[in-house]
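# Observations on chain architecture
Chain by chain, the residues run as shown.
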Amino acid sequence: MAESILNGRRVLLIVGGGIAAYKCLELIRRLKERGASVRAILTEAAQQFVTPLSVSSLTGDKVYTDLFSLTDEAEMGHIELSRDADLLVVAPATADLMAKMANGLANDLASTALLATDKKVLIAPAMNVRMWTQPATQRNFETLMADGVGFVGPNEGDMACGEYGPGRMAEPAEILAAIESHFNELAYPGGGPLKGKRVLVTSGPTHEPIDPVRYLANRSSGKQGYAIAQAVARLGAETILVSGPTNLPNPPGVTVKRVETAREMLAACESALPADIAICAAAVADWRVASDAEQKLKKTPGEQAPALTLVENPDILATLSQMKEKRPSLVVGFAAETEKVVEHATSKRQRKGCDWIVANDVSPATGVMGGDLNTVHLITREGQEDWPLLPKQAVAERLARRIAEHFSNARAAE
Ligand code: CTP
């Protein structure tokens, strides 16, 4: 089972000269993490913002900078450089690079590689707001769109030059998502294997108020649930993510409903039904304060600390699993355990009534809570599958494919 749609893909990254060039380092790191190979071309101006040495340390390859380098031409001609890639990404794409592309100019290695390619080109513009809104740039933008060039961003926001407006380069995570969705469309031209399925995902912690300024919470980052929502959406599912408070951006192609408390999360899930599949990855607080104070609790020196009375929160996974009419046909829960992981997870699956449980070890030594890696066991009615230590992203992709497989097996058995 392939772990990532990017595994084995070859990306030629062209870095233009802008302050956002530093973000290309993060992009390279994320692409490599997912198994892609990256070759990089730096324009002359780009080398003022990011050094070839940093780029080359991350790509694990030499960096290409010079159109007339005899050594480079002998090792890999500039035509092969673009032919050898599955996708060309320009990040940051400066106004100058866009102008060259729109007019077919080829006077340095970057513009020559862009003109010589027959592959898809995806660009992430980055420039001052006035440069972006300039009619000349807007004309180039229209021309490039009509030529089939893909765009990600630019975003609106504060700019390094102190102005505000459109022109900021998209974040590495957004560029990565655009790259993934390109390869996804190539892999599933008619829509993915979950096309036609509606998936509800819960994610993140919940915040249970104590008073207007304090709350009970837990250490969940929401990363795993967000990655799952993105992975099922990429396989073509209509995806609704009900999220507790997190700092994560909305995953592309996913409808996100943000909530605070467990009770709000349950209400949002119920209103998102019917769904074919529910995946409860949220770390829902088990308890809330019986009656949260309307005003901030005050501390009086010498007096005893207030006692908090807790009451149990609704169990969202159990509620969805035990529904009579609207029960999703596949309900998947998570079991975060610190000991006897499989044993506890197996009994949790039975107790809550869900179909599958993804069990993970969250004991402090594993660094799973808030971290990027996860070791999971998938517990189904049929038994147990042990998955290797994987990035949360890869766990999400594997789970999404496993769900798709489950439905295609069910269809085949009909
Ligand atoms: N869950 C839920 N609503 C709750 C509590 C948990 O939907 N109020 C879901 C979680 O999203 C997860 C599963 O139940 O899919 C198990 O969560 P976990 O915290 O491991 O289990 P608990 O039920 O809290 O049991 P315990 O804390 O005793 O291990």
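About the cut-offs
- Residues numbered from 1 in each chain as written.
- Predicted model: local features only at pLDDT ≥ 70, side-chain atom pairs only at ≥ 80, totals over all residues.
- Heavy atoms only, no water.
- Domains from an automatic or database assignment.
- Contact = heavy atoms within 4.5 Å.
- Salt bridge = Lys/Arg side-chain N within 4 Å of Asp/Glu carboxyl O.
- Near = heavy atom within 4 Å.
- Polar contact = N/O pair within 3.5 Å; in protein donor to acceptor, adjacent residues only side chain to side chain.
- Areas by Shrake-Rupley, 256 points an atom, 1.4 Å probe, with all protein chains shown as cover.
- Helix = DSSP H or I, 4+ residues; strand = E, 2+ residues; numbered from the N terminus.
- Nonpolar A, V, L, I, M, F, W, Y, C, P; charged D, E, K, R; others polar.
- Pairing = 2+ DSSP bridges.
- Axes fitted to C-alpha atoms, helices over the stretch in contact; angles between N-to-C directions.
- 1 Å grid on protein atoms, 1.4 Å probe; cavity = no way out; pocket = protein on both sides within 12 Å on 5 of 7 lines; lining within 4 Å.
- Points joined across faces, edges and corners; volume = space filled by probe spheres on them.
- Disulfide = S-S within 2.5 Å.
- Buried < 20%, exposed > 50% of the residue type's maximum accessible area, 1.4 Å probe, protein only.
- Parallel < 35°, antiparallel > 145°, perpendicular 65-115°, else oblique.
- Patch = residues over 30% accessible without salt bridge, like charges linked within 9 Å, V, L, I, M, F, W, Y side chains within 5 Å.
- Core = buried A, V, L, I, M, F, W, Y, C linked by side-chain atoms within 4.5 Å.

### Some details on the domain arrangement of the protein
What the domain assignment reports for the protein is domain 1 (10-185) and domain 2 (190-291 + 308-413). When each unit is reduced to the centre of its C-alpha atoms, the spacing between domain 1 and domain 2 is 36 Å. With four residues of domain 1 at the contact, the number on the domain 2 side is six residues. Scanning the region where domain 1 abuts domain 2 turns up one salt bridge. The closest approach of N and O atoms between Arg234 and Glu180, which form a salt bridge, is 2.6 Å.

### Points about the site of the ligand
Taken together, the neighbourhood of the ligand is formed by 14 residues, with Cys280, Ala282, Phe334, Lys348 and Lys352 sitting nearest. Here an oxygen atom of the ligand sits 2.8 Å away from a polar atom, N or O, in the main chain of Phe334. In isolation the ligand has 570 Å² of accessible area, and contact with the protein removes 78% of it. The set of elements that each furnish at least two residues to the shell around the ligand consists of helix H12 (316-321), strand S17 (330-337) and helix H13 (341-352). Take the shell around the ligand: its biggest share by element is four residues, from S17. Class assignment of the residues belonging to the shell around the ligand gives a composition of nine nonpolar, one polar and four charged.

### Overview of the sheet that holds strand S4 (residues 87-93)
One key point about sheets: their strands pair by backbone hydrogen bonds, in either a parallel or an antiparallel sense. Overall, parallel pairing links the six strands, which are arranged S3-S2-S1-S4-S5-S6 in an open sheet. Lying at the two open borders of the sheet, with one neighbouring strand each, are strand S3 (63-64) and strand S6 (150-151). As judged from the four bridges shared by strand S1 (residues 10-15) and S4, these two strands associate in the parallel manner. What sits directly across from Leu13, in S4, is Val89. Sitting on the sheet, helix H1 (residues 23-33) touches S1, strand S2 (37-42) and S4, and the angle it makes with S1 is about 175°.

### Points about empty space enclosed by the protein
In the structure shown here, the tally under the stated rule is two cavities of 30 Å³ or more. Each pocket or cavity is described by its volume, and for the largest cavity that value is around 60 Å³. Lining of the largest cavity is provided by Ile5, Asn184, Ala231, Arg234, Leu235, Glu397, Ala400 and Arg401. For the lining of the largest cavity, the elements supplying multiple residues, two or more each, are helix H10 (223-234) and helix H14 (392-413). No other element matches H14, which puts three residues into the lining of the largest cavity.

### Remarks on the sheet that holds strand S20 (residues 376-379)
Taking strand neighbours across the sheet as the criterion, the eight strands line up as S13-S12-S9-S14-S17-S18-S20-S21 in an open arrangement whose pairing is mixed. For this open sheet the edge positions go to strand S13 (254-258) and strand S21 (384-386), each flanked by a neighbour on one side alone. Geometrically, the sheet is characterised by an average inter-axis angle of 15° between neighbouring strands, direction not taken into account. Helix H11 (residues 262-272) contacts strand S9 (198-203), strand S12 (238-243) and S13 of the sheet and is inclined by roughly 175° relative to S9.

### Thoughts on the state of the cysteines
Going through the model one piece at a time under the given rule, you end up with zero disulfides. Here Cys269 stays unpaired: no disulfide links it, and the sulfur of Cys280, its closest cysteine neighbor, is 6.2 Å away. Given a relative accessible area of 7%, Cys280 falls into the buried group.

### Some details on helix H5 (residues 95-103)
Those residues of H5 not exposed but buried are Ala95, Leu97, Met98, Lys100, Met101 and Ala102. Summarising the contacts, the buried residues of H5 are in contact with S4, helix H6 (109-116), strand S5 (121-125), helix H7 (129-133), helix H8 (135-146) and S6. Positive phi appears at Gly104, one or two residues downstream of H5, with a value of about 70°.

### Section: the packing of H1 against helix H2 (residues 52-59)
For the pair H1 and H2, interaxial distance at closest approach is 9 Å and the crossing angle is 10°. It follows that H1 is roughly parallel to H2 by the angle criterion. Judged by residue contacts, Leu25, Ile28 and Lys32 of H1 engage Ser54, Val55, Leu58 and Thr59 from H2. Within the contact of H1 with H2, the residues separate by chemical class into four nonpolar, two polar and one charged.

### Considering a nonpolar patch on the surface
Among the surface-exposed residues, Trp287, Leu297, Leu308 and Leu310 lie close enough to one another that they form a single nonpolar patch of about 370 Å² accessible area. Turning to its location among the elements, Leu297 is positioned in the loop between strand S15 (287-289) and strand S16 (310-312). In this structure Leu297 comes out as partly exposed when scored by relative accessible area, which is 30%.

### Comments concerning the environment of Asn313
As for its position among the elements, Asn313 is in the loop between S16 and H12. Each C-alpha atom of the pair Asn313 and Gly333 lies 17 Å from the other, and the pair is 20 residues apart in sequence. In this structure Asn313 touches Glu208, Ala262, Arg263, Ala285, Asp286, Trp287 and Arg288, once residues within four positions along its chain are discounted.

### Some words on the nonpolar core
Counting 34 residues, the largest nonpolar core has Leu194, Ile228, Ile277, Ile279, Leu399 and Ile403 as its most contacted members. For this core, the elements supplying multiple residues, two or more each, are S9, H10, strand S14 (277-280), S17, strand S18 (356-361), S20 and H14. Broken down by element, the residue count for this core peaks at eight residues, all from H14. With 33 residues, the next largest nonpolar core counts Val11, Ala46, Ala126 and Phe183 among its residues.

### Section: the side chain of Ser82
Locating Ser82 in the fold gives a position in helix H4 (residues 78-83). Within the local environment of Ser82, its side chain forms a polar contact with the backbone oxygen of Ile79, the two atoms lying 3.2 Å apart. Not counting residues within four places of it along the chain, the set of residues in contact with Ser82 comprises Leu12, Leu88, Ala113, Ala116, Thr117 and Lys119.

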